[in-house]
Amino acid sequence: MGCLSGIVNFILYVVNVVFLIVGILLIVLGSIMLADINRFAGMSEVEHTNTIPICITVIGGLIFVVSFFGCYGLFRQSACMTGAYTSMIFVLFILQLVLTCWVFVNRTAFLNDMRSLVTSLWNTSDSEAFGVLEVTFNCCGNTGYDNYGNRTVPGTCCGFANLQTSCSSQIYETKPGCNDKFEEFWYDNMDIIRWSGLGIVLFELLVFIFAGALTNCMRRENAGRQVSA
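Residues numbered from 1 in each chain as written. Predicted model: local features only at pLDDT ≥ 70, side-chain atom pairs only at ≥ 80, totals over all residues. Heavy atoms only, no water.

## Focus on the packing of aromatic side chains
Tallied over the entire structure, the rule returns 8 aromatic pairs. Considering the side-chain rings of Phe-185 and Trp-186, the 5.3 Å spacing of their centres and the 80° angle between planes classify their relative orientation as edge-to-face. Connected via pairs of aromatic rings, a cluster forms that spans Phe-137, Phe-182, Phe-185 and Trp-186. (Phe/Tyr/Trp six-rings, centres within 6.5 Å; stacked < 30°, edge-to-face > 60°.)

As structure tokens, then:
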């Protein structure tokens with residue numbers, strides 16, 4: 001193997017290690033998102049909002065498996081395995097591109113589902129579950145503290161775990177509604193997911209180019225050895 005091929009081989013090996021880490025991170029991120037959404041299991045909106053975290057988890061698993069396969073192929077210096085790895089990278093690139101575009105296009109619909117999810121939870125009158133939401137996101141009521149009307153504002157609006165704890169109006173009147181806070185949380189996460197996905201797509205394109213070049217180099221070397229023999 002020539003000097004240039006050796007450099008490319010080393011770069012690809014390092015890139016695959018990076019991809020292994022990225023795959024693990026995506027699996028963790030998707031699992032966390034899915035776990036957060038499934039806290040509200042039983043609501044119809046969850047069926048739609050589960051799609052993105054499931055896709056992120058699956059893509060993360062694919063990245064992990066393909067990267068592991070690539071590391072093994074590069075270690076064995078097998079043109080066949082490296083070629084198969086290149087093909088898998090191309091397929092992964094297409095899937096990642098489609099997912100990233102889908103997230104960009106469906107962002108508004110996803111955020112609307114998040115708002116509907118909070119409203120549905122409020123309408124169930126499950127004060128314990130909504131109290132957890134209020135403490136977690138430092139909010140009060142569905143759209144604001146005035147949603148409680150003549151009822152006593154719970155202690156969760158002031159950050160207390162106990163609903164019966166007295167909550168000062170000076171505190172809960174400054175708290176935004178959970179609807180807006182929950183949407184804001186996912187809005188921020190969607191930015192991370194979208195731009196991270198786009199970065200990964202470009203990264204995979206470069207890996208595909210390098211892997212294809214290295215595969216051709218390996219095949220030429222194998223052909224040269226056969227001719228010499």
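## Topic: the side chain of Thr-215
With respect to the helices, strands and loops of the structure, Thr-215 is situated in helix α8 (residues 178-228). Residue classification places Thr-215 among the buried residues on the basis of a relative accessible area of 3%. One polar contact links Thr-215 to Thr-86, side chain to side chain, over a distance of 3.3 Å. From its side chain, Thr-215 meets the backbone oxygen of Ala-211 in a polar contact 2.8 Å long. Among residues more than four places away in sequence, those in contact with Thr-215 are Ala-79, Thr-82, Gly-83 and Thr-86. (Helix = DSSP H or I, 4+ residues; strand = E, 2+ residues; numbered from the N terminus. Buried < 20%, exposed > 50% of the residue type's maximum accessible area, 1.4 Å probe, protein only. Polar contact = N/O pair within 3.5 Å; in protein donor to acceptor, adjacent residues only side chain to side chain. Contact = heavy atoms within 4.5 Å.)

## What to know about the UniProt feature "transmembrane region" (unreviewed entry) in the protein
UniProt records the feature "transmembrane region" (unreviewed entry) at residues 7-31, 51-75, 87-105 and 192-215, using the numbering of this structure. The span residues 7-31 is 100% helical and 0% strand by assignment, and the distance between its end C-alpha atoms comes to 36 Å. Regarding residues 192-215, the helix share stands at 100% and the strand share at 0%, and the terminal C-alpha atoms are separated by 34 Å. (UniProt positions renumbered as here; feature names shortened; annotations may be inferred.)

## Thoughts on a nonpolar patch on the surface
A contiguous nonpolar patch, built from Ile-54, Val-58, Leu-62, Phe-90, Val-91, Ile-94, Leu-95 and Val-98 and spanning about 640 Å² of accessible area, is present on the exposed surface. Contributions of two or more residues to the nonpolar patch are made by α3 (51-76) and α4 (79-105). Top contributing element to the nonpolar patch by residue count: α4, with 5 residues. Within the secondary structure, Ile-94 sits in helix α4. (Patch = residues over 30% accessible without salt bridge, like charges linked within 9 Å, V, L, I, M, F, W, Y side chains within 5 Å. Areas by Shrake-Rupley, 256 points an atom, 1.4 Å probe, with all protein chains shown as cover. Salt bridge = Lys/Arg side-chain N within 4 Å of Asp/Glu carboxyl O.)

## Some details on the side chain of Asn-142
Tracing the sequence through the fold places Asn-142 in the loop between α6 (127-137) and α7 (169-172). The exposure class assigned to Asn-142 is buried, which follows from its relative accessible area of 8%. Leave out the neighbours within four places in its chain, and Asn-142 touches Val-118, Thr-119, Trp-122, Phe-130, Asn-147, Gly-177, Cys-178 and Asn-179.

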